[in-house]
Amino acid sequence: MSVLEEALFLSCELKTDELDCDKEFSFSASFEKKMNGLLDRMRGNKYHKFTKSAVRAMIIAAIVLSFSATVFAFPSARQYVIAQFSDHNTYKVSDADDKSFAEDIYIGYIPEGFTENSFSEGGGLSITAEYSKNDRWFFVQKSILDTKINYDAENEEIIKHNGIEYRYHSSGEAKGIIFNDGSYIFNVSGNISKDELKKIAFELK
Amino acid sequence: MIAFFDLIDDSENKKQFEYLYYKYRNLMAYIAQESLSNQEDAEDAVQDALIYIAKNFDKIDDIDSKQTKSYISVITKGFAISKYRKERKYIYDISTETLNDCTAEDSSFDIYDKTELVMVIDTLDEEYRNLLYLTYIFGYKSKEIAKMYGMSDSNVRKKIQFAKTDLKNKLKGGK
């Protein structure tokens, strides 16, 4: 180790000693709300609501193709990559460096009779809302581009609508649609019909 | 599937991340606020830093260690400076002319006393000092720092060179 490196180590240590972790910072209510929501999700608290159906919709796939990843190009949306694993697929935007925070969500179409069960903001990183009617449910998610979406994909289909490529996937009762509009990634999942999911996805902003 | 949930894979790491968050959040906020005048911006910088830390969670070994505390403070400062720069459309470009002909090679510091060098490092501007910490202590490449600080790779390299030249000049002046 050179003298410069040794001196930098020592300097950094001394600077660190001066820092106080215990002095309370008065965070804003919105920050606390966002972070609490985010940590709740990380702990898995909110996922209990989705139970097996949701988990089925989001994870575990069985498609094994002859290639591991394919890049899809699309003019208005970002390029995205589908990475295929033995038990699930992952949707990821290739160039997600310039992120816009997800501050709000617009759900332009909600099927008749469905009511909101939960709504959560994840510190600008993601917003989710869950709706249900009897035993039917769906949830929508808007996330920053730098997010990976894992999903179950026994069956996949590409739907093109208004210049955007929507990836529809299904496995048993659980279905979902993932897409990006160039600024955010959207994910709609549920055990409702494909047509209803499409209507919701097409009206998400 | 959501943000931190996605960025950190196993449940033990998720617990560790949460522990890190509560341990350092006050410190991070104060560090961010030093560079950013309003609270909202400071909180945004804390969030950016947390995303970055979550993405690079493998770089953290012992959360309670001094090394982790330094790492988190340097990273947070980086994101706060980056935010400051973006919001004010601040372009910092050191032209090569401002650099001395004398390029301070690392080995050229070997003739100086370590304690003396530490004292001179303390006189550097915080941003320069952090760039040196990131490079020499945390092993960051200029490209990685550029991404974090929101500036070009060449500017980072120039600044590191400038910092070393400044150190050398101050050491010479002190002799």
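No experiment lies behind these values; they were computed from the predicted model shown.

Q: Mind showing me how you'd approach the nonpolar core here?
A: Most often, soluble globular proteins keep nonpolar side chains buried together rather than apart. Counting 71 residues, the largest nonpolar core has Leu20, Ile53, Ile75, Leu134 and Tyr140 of chain B as its most contacted members. Residues in contact with Leu134 of chain B, not counting those within four places in the same chain, are Val74, Ile75, Gly139, Tyr140, Ile145, Met148 and Tyr149 of chain B. Residues Ile105, Ile127, Ile177 and Ile200 of chain A belong to the second largest nonpolar core, which totals 23 residues.

Q: Looking at this model, I keep getting lost on the side chain of Thr68 of chain B. Mind explaining?
A: Residue and element names in this part refer to chain B. Secondary-structure assignment places Thr68 in helix α4 (residues 66-87). A distance of 2.6 Å separates a polar side-chain atom of Thr68 from the backbone oxygen of Asp62. Apart from residues lying up to four places away in sequence, Thr68 is in contact with Leu20, Tyr24, Ile60, Asp62 and Ile63.

Q: What am I meant to see in the packing of aromatic side chains here?
A: Two measures describe an aromatic ring pair: the distance that separates the ring centres and the angle between the ring planes. Using the criterion set out here, one finds 16 aromatic pairs over all chains in the structure. For the pair Phe179 of chain A and Phe186 of chain A, a centre-to-centre distance of 4.9 Å together with 15° between the ring planes defines the contact as stacked. Residue Phe179 of chain A is classed as buried on the basis of its relative accessible area of 2%. Between the aromatic rings of Tyr71 of chain B and Phe138 of chain B, the centroid separation amounts to 5.3 Å while the plane-to-plane angle is 65°, which identifies the pairing as edge-to-face. Placement of Tyr71 of chain B in helix α4 and of Phe138 of chain B in the loop between α6 (126-137) and α7 (142-149) is noted, with a sequence separation of 67 residues between them. Using a relative accessible area of 4% as the deciding quantity, one classes Tyr71 of chain B as buried. For Phe138 of chain B, a relative accessible area of 14% corresponds to the buried category. In this structure an aromatic cluster arises from ring pairing among Tyr166, Phe179, Tyr184, Phe186 and Phe202 of chain A. The lysine or arginine in question, Lys23 of chain A, covers the ring of Tyr30 of chain B, its NZ or CZ lying 4.5 Å from the ring centre.

Quick notes on the rules
Residues numbered from 1 in each chain as written. Chains lettered and ligands numbered in written order. Predicted model: local features only at pLDDT ≥ 70, side-chain atom pairs only at ≥ 80, totals over all residues. Heavy atoms only, no water. Core = buried A, V, L, I, M, F, W, Y, C linked by side-chain atoms within 4.5 Å. Buried < 20%, exposed > 50% of the residue type's maximum accessible area, 1.4 Å probe, protein only. Contact = heavy atoms within 4.5 Å. Helix = DSSP H or I, 4+ residues; strand = E, 2+ residues; numbered from the N terminus. Polar contact = N/O pair within 3.5 Å; in protein donor to acceptor, adjacent residues only side chain to side chain. Phe/Tyr/Trp six-rings, centres within 6.5 Å; stacked < 30°, edge-to-face > 60°. Lys NZ or Arg CZ within 6 Å of the ring centre and 35° of its normal.

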